[in-house]
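Here are the chains, one letter per residue:
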Amino acid sequence: MKLRYLSGVVTLKYDVNKCKGCASCIEVCPHGVFSMEAGKARMVDKDSCIECGACMKNCPFDAISVDAGVGCAAAILASKGTGKAVCCGSEGGCC
Ligand code: SF4
Ligand code: SF4
């Protein structure tokens, strides 16, 4: 089963005009947010994004931006580093 998060809150932005179709974002995204269509990336499941930032870091053409370092992915990474409970601290958060 694919986990889903809140709808319409993800900060992920994608500029198709900058995309050169290298497919790096598809390779690194753990949640299948992008797919390839006619030689360009296409955002197919934005609400699955966990804002990890991997696609933005690996896009050589700055076609993707996302506020990484917030939300679920950041909370999980921080908890691994500190040993503290997983929580992003957002108002009305889910944990
Ligand atoms: S930020 Fe992470 S989860 Fe979201 S689209 Fe990029 S690689 Fe996928
Ligand atoms: S990494 Fe960037 S240039 Fe490559 S397919 Fe994805 S959006 Fe396009």
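Cut-offs used in this document
- Residues numbered from 1 in each chain as written.
- Chains lettered and ligands numbered in written order.
- Predicted model: local features only at pLDDT ≥ 70, side-chain atom pairs only at ≥ 80, totals over all residues.
- Near = placed C-beta within 6 Å.
- Nonpolar A, V, L, I, M, F, W, Y, C, P; charged D, E, K, R; others polar.
- Core = buried A, V, L, I, M, F, W, Y, C linked by C-beta atoms within 7 Å.
- Buried ≥ 20, exposed ≤ 12 C-beta atoms within 10 Å, placed from the backbone.
- Contact = placed C-beta atoms within 7 Å.
- Pairing = 2+ DSSP bridges.
- Helix = DSSP H or I, 4+ residues; strand = E, 2+ residues; numbered from the N terminus.

A.B. asks: How should I be thinking about the site of ligand 1 in this particular structure?
C.D. replies: The immediate surroundings of ligand 1 are formed by 14 residues, with Cys 29, Val 33, Cys 49, Cys 52 and Cys 55 found nearest. Each residue belonging to the shell around ligand 1 can be placed in one class, and the counts come to eleven nonpolar, two polar and one charged.

A.B. asks: I'm lost on the site of ligand 2 in this one. Help?
C.D. replies: With respect to spatial proximity, 13 residues lie near ligand 2, and among them Cys 19, Cys 22, Cys 25, Cys 59 and Ala 63 are the closest. Here the shell around ligand 2 is composed, by residue class, of nine nonpolar, three polar and one charged.

A.B. asks: Help me out: how do you make sense of the nonpolar core in this one?
C.D. replies: Soluble globular proteins tend to bury their nonpolar side chains together. One finds Cys 25, Cys 29, Phe 34, Cys 55, Cys 59 and Ile 64 to be the most contacted residues of the largest nonpolar core, which totals 18 residues. Every residue in contact with Cys 55, bar those within four places of it in the chain, is listed here: Cys 25, Val 28, Cys 29, Phe 34 and Ile 64.

A.B. asks: Just checking my understanding: could you explain the pairing of strand β3 (residues 40–43) for this structure?
C.D. replies: The side chains of a regular strand alternate, first on one face of the sheet and then on the other. Note that strand β2 (residues 34–37) and β3 share four bridges and pair antiparallel. Paired with Phe 34 across the strands is Met 43, a residue of β3. The hairpin formed by β2 and β3 contains two residues between the paired strands, and Ala 38 there has a positive phi angle of roughly 50 degrees.

A.B. asks: Can you walk me through the environment of Met 56 in this structure?
C.D. replies: Within the secondary structure layout, Met 56 lies in helix α2 (residues 54–58). In sequence terms Met 56 and Tyr 14 are 42 residues apart; their C-alpha atoms lie 9.3 Å from each other. If sequence neighbours within four positions are ignored, Met 56 has contacts with Ile 64, Ser 65, Val 66 and Ala 68.

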